[in-house]
Amino acid sequence: MHKNTMLAVLMMSSFGCGGGGHYLRWNGTAATAATGGGKVAIAVNDKREEKKGGLHPNEVGMQTGSFGIPQAIKLKKNDSVSSSIGELVAQAAAASGLSVAAPGQEASATGKIVVEVQTLWCTGYSPAYKADVTASVMIVDPATGAVRVPAQPLTASGGGMVCQSIYHKLLNEIYQQAVTMLSQANVKQAAVAAPASASAQ
């Protein structure tokens, strides 16, 4: 079952350590003063393979457990891949100078950042694990869904002895890729453009 989560993430007061307190972590950067007006909403679609988290939104891999038996790596009860990646992209948007619509204010958004997570999975046998993170980001009109900026890839992979440490490194790469993408002039212009319904009035 694929999860579609609509997120309007209010920026954390501290960007020094994105995803603070969560299993999935990255090093965020300070928000940049918003330019161009407008706000973005964020939608995250968890499109991972069924056997690699697609059926369980809070599972991010398999690791060696007691007596060598593989066990699932699960996020906290109220956490999920969609919420974590949504927070990461929201922080990247703020770092690139975009304003993010606060919770309950999605209707005020001038653009929607749509994120599709294709892979976020770590597996192996202690002490050797490998993880992959693959996603895409596009900008659409929040009123009509019309694509303003086609999907751009975000991808990172690597290995190590502990899945959480591997994810920390990979998500830092994904975060920086997202900041670079969302900082592009054409992307920012697309994000703050008036929705079709508003411009037609």
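Residues numbered from 1 in each chain as written. Predicted model: local features only at pLDDT ≥ 70, side-chain atom pairs only at ≥ 80, totals over all residues. Heavy atoms only, no water.

Visitor: Please clarify how the overall build of the protein chain should be interpreted in this entry.
Guide: A count of helices and strands for the protein chain gives four helices and seven strands. Of the regular secondary structure in the protein chain, the N- to C-terminal order runs β-β-β-β-α-β-β-β-α-α-α. Taking contacts inside the protein chain between residues at least 6 apart in sequence as the whole, the part at least 24 apart equals 69%. Roughly 9,500 Å² of accessible area belongs to the protein chain as shown, and the carbon and sulfur atoms make up 56% of that amount. (Helix = DSSP H or I, 4+ residues; strand = E, 2+ residues; numbered from the N terminus. Contact = heavy atoms within 4.5 Å. Areas by Shrake-Rupley, 256 points an atom, 1.4 Å probe, with all protein chains shown as cover.)

Visitor: Would you explain the nonpolar core in this entry?
Guide: A general feature of soluble globular proteins is that nonpolar side chains tend to end up buried together. In terms of nonpolar packing, the biggest core is built from 48 residues, with Val60, Ile113, Val115, Leu120, Tyr167 and Leu182 touching the most fellow members. No other element matches helix 2 (residues 163-182), which puts 11 residues into this core. Residue contacts for valine 115: discarding those within four places in its chain leaves Ile42, Ala43, Val44, Asn45, Ile85, Val89, Ala135, Ser136 and Val137. (Core = buried A, V, L, I, M, F, W, Y, C linked by side-chain atoms within 4.5 Å. Buried < 20%, exposed > 50% of the residue type's maximum accessible area, 1.4 Å probe, protein only.)

Visitor: Looking at this model, I keep getting lost on the confidence of the model for the protein chain. Mind explaining?
Guide: Low-confidence regions, as indicated by low pLDDT, have predicted coordinates that should not be scrutinised in detail. Chain-level statistics for the protein chain give a pLDDT mean of 88 and a share of 87% at 70 or above. Confidence drops under a pLDDT of 50 for residues 7-17, and excluding neighbours within four residues, the segment shows 37 contacts in the predicted structure. (pLDDT = per-residue confidence, 0-100.)

Visitor: Please clarify how the state of the cysteines should be interpreted in this entry.
Guide: By definition, a disulfide links the sulfur atoms of two cysteines through a covalent bond. Counted under the stated rule, the structure contains one disulfide. Across the disulfide, cysteine 122 is cross-linked to cysteine 163 (sulfur-sulfur distance 2.1 Å). Its S-S torsion of about -80° marks the bond between cysteine 122 and cysteine 163 as left-handed, since a negative value means left-handed. Taken together, the residues span a long stretch of sequence, with cysteine 122 in strand 5 (residues 111-125) and cysteine 163 in helix 2 at a distance of 41 residues. A relative accessible area of 0% places cysteine 122 in the buried class. The class of cysteine 163 is buried, set by a relative accessible area of 2%. (Disulfide = S-S within 2.5 Å.)

Visitor: Sorry if this is basic, but what is going on with helix 3 (residues 185-192) here?
Guide: One full turn of an α-helix is made of 3.6 residues, so residues set three or four places apart face in the same direction. The set of residues buried in helix 3 consists of Val187, Lys188, Ala190 and Ala191. Viewed along the axis of helix 3, the buried residues span an arc of 160°, placing them on a single side of the element. In helix 3, those exposed residues whose orientation departs by more than 90 degrees from the buried face are Ala185 and Gln189. Taken together, the buried residues of helix 3 touch strand 2 (40-46), strand 5, strand 6 (128-140), strand 7 (147-160) and helix 2. (Arc of directions from axis to C-beta.)

Visitor: Just to check I follow, could you spell out the packing of aromatic side chains for this structure?
Guide: Centre distance and the angle of the planes are the two values used to describe a pair of aromatic rings. Taken as a whole, this structure holds one aromatic pair when the rule is applied. Here tyrosine 23 and tyrosine 167 contribute two aromatic rings whose centre-to-centre distance is 6.4 Å and whose plane-to-plane angle is 75°, an arrangement assigned as edge-to-face. A residue pair is termed long-range when its members are at least 10 positions apart, and tyrosine 23 in the loop between strand 1 (3-7) and strand 2 and tyrosine 167 in helix 2 qualify at 144 residues. Each member of the pair tyrosine 23 and tyrosine 167 is classed as buried. (Phe/Tyr/Trp six-rings, centres within 6.5 Å; stacked < 30°, edge-to-face > 60°.)

Visitor: Help me understand the pattern of salt bridges, please; the structure alone is not making it clear to me.
Guide: When their charged atoms lie close together, side chains carrying opposite charge are able to pair. As enumerated under the stated definition, the model contains five salt bridges in all. With a shortest N-O distance of 3.7 Å, lysine 47 and glutamate 116 are connected by a salt bridge. One end of the pair, lysine 47, is in the loop between strand 2 and strand 3 (59-64); the other, glutamate 116, is in strand 5, and 69 residues separate them in sequence. (Salt bridge = Lys/Arg side-chain N within 4 Å of Asp/Glu carboxyl O.)

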